[in-house]
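Geometric and topological summary
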Amino acid sequence: MAEPVNVSDKVRVARAADAKAIAEIYAPYVRDTVISFEYEAPDEAEMARRLAKVQAAGLPWLVFEEAGEVLGYAYAGAHRERAAYRWAVDAGIYIGPKAHRRGVGRALYRHLFAALTLQGYHRVYGGITLPNAASVGLHEACGFKPIGIYPEVGFKFGRWHGVGWWGLDLTASSVPEQPAAFTDSTFADVKRMVGSVG
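Keep in mind it's a predicted model, so treat the numbers as computed, not measured. In every chain, residue numbers begin from 1 and rise along the written sequence. The model is predicted, so local features are restricted to residues of pLDDT at least 70 and side-chain atom pairs to those at 80 or more, both for listing and for counting; the totals for chains, interfaces and linings are taken over all residues. By convention in this description, side-chain values take in all heavy atoms of the structure and omit both hydrogens and water.

Notes on the packing of aromatic side chains
- Whether two aromatic rings pair depends on their centres lying within 6.5 Å, for rings of Phe, Tyr and Trp, where Trp uses its six-membered ring; planes under 30 degrees apart make the pair stacked, over 60 edge-to-face, and the rest tilted. Applying the stated criterion to the full structure yields twelve aromatic pairs.
- Look at Trp61 and Tyr73: their rings are 5.6 Å apart centre to centre, the planes differ by 20 degrees, and that puts the pair in the stacked class. On the criterion of sequence distance, the pair formed by Trp61 in strand E2 (residues 61-66) and Tyr73 in strand E3 (residues 69-78) is long-range, its members being twelve residues apart.
- Taken together, the aromatic side chains of Tyr26, Tyr29, Trp61, Tyr73, Tyr75 and Tyr94 make up a single cluster linked through ring pairs. Starting at the N terminus, helices and strands are each numbered in turn, a helix being any DSSP run of H or I of at least four residues and a strand any DSSP run of E of at least two.

See the structure below:
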């Protein structure tokens, strides 16, 4: 998982002020592709609401910023609502066109998974609308293993689409403690962790 020099230094915690840039990165995925199953792209206000909801739940939302511009983002959300699922999360990642094939996705995921591990989460899952060789490649390069496929689970642009699911172990299969909330202190520990192995 080698990354371009200094790329990890450009990952930081998302702020409310990033909502406009995040919405602009996400919009083409909604408007032009089946990568997202949304029909209408959320505006800045809606993206700010989503960001606040994730962070209020104690989960990380990270951005990659270069020269003052947000070029990509990654976040975690609850996998399911039932209590026994609390140690599992779903990951989302979206990269703007300027940042493709530069190690940005790996840098974001590396920080995200380090944070989730420190928080005490056990597994992280990724759902990928198929086919999507680039996303499958990213997830498998980051250690995800394929689990299975939901065939024809979403209808968009006049066709049915299947979603493949991939999973990644974060912690050992032991009796867990309650996951801790993501904080500035968590991210400082992540930076030290990533720097020590980068």
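Looking at the sheet that holds strand E6 (residues 145-156)
- At least two bridges found by DSSP between two strands are what make those strands a pair. As summarised here, the arrangement of the seven strands in space is E1-E2-E3-E4-E5-E7-E6, forming an open sheet in which the pairing is mixed. The open sheet has two free edges, formed respectively by strand E1 (11-13) and E6, since each of these has just one partner strand. This sheet shows a mean twist of 30 degrees between the axes of neighbouring strands, independent of strand direction.
- Here helix H3 (residues 104-119) sits on the sheet and contacts E1, E2, E3, strand E4 (88-95), strand E5 (123-129) and strand E7 (159-169); the angle it forms with E4, its principal contact strand, is near 155 degrees. Helix axes use the C-alpha atoms of the stretch in contact, all axes being lines fitted to C-alpha atoms, and the angles between their N-to-C directions lie in the range 0 to 180 degrees. Any two residues whose heavy atoms approach within 4.5 Å at even a single point are treated as in contact.

Quick notes on a nonpolar patch on the surface
- On the surface, a nonpolar cluster with roughly 250 Å² of combined accessible area is contributed by Phe37, Tyr150 and Val153.
- Along the chain, Val153 turns up in strand E6.
- Only protein chains enter the calculation, and the probe is 1.4 Å; a residue is then buried if its accessible area is under 20% of its type maximum, exposed if over 50%, and partly exposed in between. On the accessibility criterion, Val153 (43% relative accessible area) is partly exposed. Patch construction takes residues with relative accessible area above 30% that form no salt bridge. Like charges are linked within 9 Å, and nonpolar side chains (Val, Leu, Ile, Met, Phe, Trp, Tyr) are linked within 5 Å. Computed with the Shrake-Rupley method and a 1.4 Å probe, the accessible areas treat only the protein chains shown as cover for residues. In the sections that follow, a salt bridge refers to a side-chain nitrogen of Lys or Arg positioned within 4 Å of a carboxyl oxygen of Asp or Glu.

Remember that the coordinates give geometry; whether it matters functionally is a separate question.
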